Amino acid sequence: MPGALDDPTTRTDLAATRAGALRWLGGGVIALVLAVLLGVATVQTVSSGGQRLPFAGLAVVALVLLGLAALVAGAGSLLRVSAWTRGLAGTPWRTGRLRIAGPAVLRVEPDDGGEDVDLRLLSTAPWRTRAVQRLDAHEVRFAAVGEGRWVLTADGLGTLYGARTP
């Protein structure tokens, strides 16, 4: 039986998810560069006798914190995509009906008559959680990608969603 990674749609979805991770990393780098540039500009302005820039220090701190958070989010997402790629290489997609039991609590009823799979969505982003909630009672594809780790998607989503067993 071919792995889920053999499906061109899966490769496209993984590429889109990887691109999102790279956008987070890029945004984090940009924020850190802007923090350095603002800090240098502020020091240069003040040391050459110019007037202090109001809230420049606060802006530098905010940019550093946001940049670091974006770097962590991007790196974590990139690591997840790598693990999912390895897991999907040897695991076929299964199909089933998705049932929503709560904000991030899911149950997949497999079409192959197997045992229902209870899952907890990994995403904490409200827009990703809502996107999965809109799939209630719809057909989804899901696959185990590790011990207690799952990936699910549906036709036309263009991305993958991570979940774990509770």
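Residues numbered from 1 in each chain as written. Predicted model: local features only at pLDDT ≥ 70, side-chain atom pairs only at ≥ 80, totals over all residues. Heavy atoms only, no water.

Some details on the overall build of the protein
Looking only at helices and strands, the protein has three helices and six strands in total. Listed by position from the N terminus, the elements making up the protein come as α-α-β-β-β-α-β-β-β. The globule rule puts the C-alpha radius of gyration for 166 residues at 15 Å, and the 21 Å found for the protein is more than 25% above it. The contacts of the protein with a sequence gap of at least 6 include a subset with a gap of at least 24, amounting to 64%. Summed over all atoms, the accessible surface of the protein reaches about 9,500 Å², with 63% contributed by carbon and sulfur. Between the averaged position of the 17 positive side-chain charges in the protein and that of its 13 negative side-chain charges there is a distance of 13 Å. (Helix = DSSP H or I, 4+ residues; strand = E, 2+ residues; numbered from the N terminus. Rg over C-alpha atoms; globule rule 2.2 N^0.38 Å. Contact = heavy atoms within 4.5 Å. Areas by Shrake-Rupley, 256 points an atom, 1.4 Å probe, with all protein chains shown as cover. Lys, Arg positive; Asp, Glu negative; His and termini not counted. Charge placed at Lys NZ, Arg CZ, Asp CG, Glu CD.)

Thoughts on the pattern of salt bridges
Per the stated rule, a full pass over the model turns up six salt bridges. Ionic pairing is found between arginine 97 and glutamate 139, a salt bridge with its closest N-O pair at 4.0 Å. A residue pair is termed long-range when its members are at least 10 positions apart, and arginine 97 in strand β1 (residues 94-100) and glutamate 139 in strand β4 (residues 139-146) qualify at 42 residues. Using a relative accessible area of 33% as the deciding quantity, one classes arginine 97 as partly exposed. Put simply, Asp7, Arg141 and Asp155 are held in one network by salt bridges that share partners. (Salt bridge = Lys/Arg side-chain N within 4 Å of Asp/Glu carboxyl O. Buried < 20%, exposed > 50% of the residue type's maximum accessible area, 1.4 Å probe, protein only.)

Thoughts on the nonpolar core
Side chains that are nonpolar tend, in soluble globular proteins, to be buried together. Formed by 17 residues in total, the largest nonpolar core has its most connected members in Leu98, Leu106, Leu119 and Leu152. A per-element tally of this core places strand β3 (residues 117-121) first, with three residues. Once residues within four sequence positions are removed from consideration, leucine 119 is found in contact with Ala104, Val105, Leu106, Val108, Trp150, Leu152, Ala163, Arg164, Thr165 and Pro166. By size, the runner-up hydrophobic cluster in this structure holds 11 residues, among which are Leu14, Trp84, Val151 and Leu160. (Core = buried A, V, L, I, M, F, W, Y, C linked by side-chain atoms within 4.5 Å.)

Focus on the confidence of the model for the protein
Here the protein averages 92 in pLDDT, and 99% of its residues register 70 or above. Per-element confidence in the protein ranges from a low mean pLDDT of 88 for helix α3 (residues 126-133) to a high of 95 for helix α2 (residues 56-89). (pLDDT = per-residue confidence, 0-100.)

Concerning α2
Helix length check: α2 (34 residues) gives 49 Å between terminal C-alpha atoms against 50 Å at 1.5 Å per residue, within 8%. Looking at the buried positions of α2, the neighbouring elements they touch are α1 (8-47), β4, β5 (149-153) and β6 (161-164). (Expected span 1.5 Å × (residues − 1).)

Comments concerning the packing of α1 against α2
How two helices pack is summed up by the angle between their axes together with the distance between the axes. At their nearest, the axes of α1 and α2 sit 7 Å apart, and the two run at 160° to each other. By the criterion of interaxial angle, the relationship of α1 to α2 is roughly antiparallel. In the packing of α1 onto α2, the handedness of the crossing is left-handed. The residue makeup of the contact of α1 with α2, split by class, is 25 nonpolar, 10 polar and one charged. (Axes fitted to C-alpha atoms, helices over the stretch in contact; angles between N-to-C directions. Parallel < 35°, antiparallel > 145°, perpendicular 65-115°, else oblique. Left-handed = near helix turned anticlockwise from the far one by under 90°. Nonpolar A, V, L, I, M, F, W, Y, C, P; charged D, E, K, R; others polar.)

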